[in-house]
Amino acid sequence: MCSIATAAALSLPISFSPYSKSISKRGFKAGFRVFAILGDENGLVDKKNPWGAIFEVEQPKFKVTHVQGKFVDVNEALEVARFDIQYCDWRARQDLLTIMLLHEKVVDVLNPLAREYKSIGTVKKELAELQQELAQAHRQVHISEARVGAAVDKLAYMEELVNDRLLQDRSVTETDGLSPAPSTSAESLETVKKKIPRKSLNVSGPVQPYHPRLKNFWYPVAFTSDLKDDTMIPIDCFEEPWVLFRGKDGKPGCIKNTCAHRACPLDLGSINEGRIQCPYHGWEYATDGTCEKMPSTKFVNVKLKALPCFEQEGMIWIWPGSDPPAATIPSLQPPAGFKIHAEIVMELPVEHGLLLDNLLDLAHAPFTHTSTFAKGWSVPSLVKFLTPASGLQGYWDPYPIDMEFKPPCIVLSTIGISKPGKLEGQSTSQCATHLHQLHVCLPSSKNKTRLLYRMSLDFAPILQHVPFIDHLWRHFAEKVLNEDLRLVLGQQDRMIKGENIWNMPVSYDKLGVRYRLWRDAVDRGVKQLPFSS
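First, a word on what this report is: a plain description of the structure on this page.

Rules of the game
Note on numbering: residues in each chain are counted from 1, in written sequence order. In view of the model being predicted, local features appear only for residues whose pLDDT reaches at least 70, and side-chain atom pairs are presented and counted only at 80 or more, with totals across whole chains, interfaces and linings using the full set of residues. Remark: hydrogens and water are excluded; side-chain values derive from all non-hydrogen atoms of the structure. In this description, a nonpolar core means a group of buried Ala, Val, Leu, Ile, Met, Phe, Trp, Tyr and Cys residues linked to one another through side-chain atoms lying within 4.5 Å. Under the scheme applied here, a residue whose accessible area is under 20% of the maximum for its type counts as buried, over 50% as exposed, and between as partly exposed, the area being computed with a 1.4 Å probe on protein chains only. In what follows, salt bridge is the name for a side-chain nitrogen of Lys or Arg lying within 4 Å of a carboxyl oxygen of Asp or Glu. Working definition: helices are DSSP H or I runs of at least four residues, strands are E runs of at least two. Numbering for both runs from the N terminus. In this analysis, strands are considered paired if DSSP registers two or more bridges between them. The axes are straight lines fitted to the C-alpha atoms, using for helices just the contacting stretch, and the angles between their N-to-C directions are given from 0 to 180°. Between two residues, a contact is recorded if the distance between any of their heavy atoms is within 4.5 Å.

## Quick look at the nonpolar core
Among soluble globular proteins, nonpolar side chains are generally buried collectively. Tyr-219, Leu-244 and Ile-318 are the most contacted members of the largest nonpolar core, which has 83 residues in total. With 16 residues, the next largest nonpolar core counts Leu-266, Ile-271, Cys-291 and Val-302 among its residues.

Pasting the structure below:
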């Protein structure tokens, strides 16, 4: 695809019909074993062009069989789009060669030796003719670029439809209009889009209250290492204040962070023998919410609301919903061979769905993260996320990154980092070293997210013992996050004012779109949630 972009940038508007007559007049043949550059005025001097290898490409031949002028199979339709790309590449190489020959002509005309036996009038005439040809090339270059862009866009769109099996049972008539000719115009792409409509998404307007069904999941809310026997962790979850602490048995508990007496925040107090003590009048509560001490007054039975709370694999989990808790808690352990190097918690002023949208998108990296992890990344001609039709996991192409959305708010990713700055054409299995990331986006409130970030590596275990290394990791994490945050905050502002942040999804938005479809199904009360297998 890179060759397409390079050639298209210099392309000359030669007809798309095979073996254009204008080509034969310039002294080269199909197949591009090209040697001709201009010599003296008596004729052409054959000289091998050092760029010849680039042009030794045969014209692509269309291989899809015809059935009464129609293509009835989705894979054949996809081949049409792929053929467009191949033909554009072949055509662009011809355009590039043509421009190179024009430049050779200009050099020849201006050659001091040629001027010795050419009159000034002849030189002026030749330069004027070349200037006219080059001017025409510059006027048409944008058209060539548009043709290539339309072909790439159509290929990406067709691949998306194939991956999602949206064309599986469509009738033969819906494939009418897909011609074997290399049609790369914007009109042909619009025809495809009209026949097979995109999935629509509307995420706009002020953030609405969270649906109660979204609460009926296990949520990781803190790292085990942060909750000591004598500490408390205040959190907000779905617009409600809670506080985590450990009881006498060392097990964590989660109770409402508001004293039953005078509504004082309990996290302003202290831990006393496995109970949280209110700093106002000393009332003490156990991990199940029961008030066990009321100094200076007659004791009465009082109990705060408490949530189911468990500790598993280095994380504290709560169940904020009204339904009975699920019997199992998902595992978030790093893959085998990885060691945890950093666990970071941040409070962010953005709605958690917007943050998830950002984390599930990698195509923005070479544009947004130019001073951090994506520094030096080139911009691919086409970015794809490849995934099963019913899954919320897959891998990015051309980046060596595997990614998964794990309901309700978790993103897992494994990144191959053997060649920083040169990630294209690799897969995680081909990379020698890897970074594993966990992102948890807890919905604190409608415009606030509690982010839990964990970083693991399968190399350099000695880094775990470097003094103050955790401060360095936090600095890097915040630097990357700040590159995203300014954009997501801008999105949030536009969304609140009525703009649809999912107005025009494209092929590389697949995982983010599936998250939004899953989220919408939860809000609508669908019994069998999509992408569950």
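## Comments concerning the pattern of salt bridges
Throughout the structure, instances matching the rule amount to 14 salt bridges. The salt bridge involving Arg-450 is made with Glu-347; its shortest N-O contact spans 2.9 Å. Of the two residues, Arg-450 sits in strand β20 (residues 448-457) while Glu-347 sits in strand β14 (residues 339-348), which places them 103 residues apart along the sequence. The structure contains a network of salt bridges with shared partners spanning Glu-273, Arg-275, Glu-284 and Glu-292.

## Quick notes on the sheet that holds strand β10 (residues 291-293)
Here we have four strands laid out as an open sheet, ordered β7-β8-β9-β10, and antiparallel in their pairing. One side of each edge strand has no neighbouring strand; the edge strands of this open sheet are β7 (270-272) and β10. Of the strand pairs in this sheet, β7 and strand β8 (residues 275-277) are connected by three bridges, and their pairing is antiparallel. Bridge pairing in β8 links Asn-272 to Arg-275.

## Considering the sheet that holds strand β18 (residues 410-416)
The antiparallel open sheet is built from seven strands, whose spatial order is β14-β20-β19-β18-β17-β16-β15. In the strand order of this sheet, the two ends are held by β14 and β15 (384-386), each with one partner. Going across the sheet, the axis of each strand differs from the next one's by a mean of 20°, ignoring polarity. In this structure, strand β19 (residues 434-445) lies alongside β20, joined through 10 bridges in antiparallel fashion. By the bridge assignment for β20, Cys-441 is matched with Leu-451. Packed on one face of the sheet, helix α10 (residues 469-496) meets β14 and β20 and runs near 45° to β14. Packing against the sheet, helix α11 (residues 510-524) makes contact with β15, β16 (393-397) and β17 (401-406), and its axis sits at approximately 5° to β17.

## Remarks on the environment of Leu-332
Inspection of the secondary structure puts Leu-332 in the loop between β13 (315-318) and β14. A relative accessible area of 3% places Leu-332 in the buried class. Between the C-alpha atom of Leu-332 and that of Leu-438, which follows or precedes it by 106 residues, the distance is 7.8 Å. Beyond its immediate sequence surroundings of up to four residues, Leu-332 is in contact with Pro-220, Glu-313, Met-315, Trp-317, Lys-406, Ile-410, Leu-438 and Arg-454.

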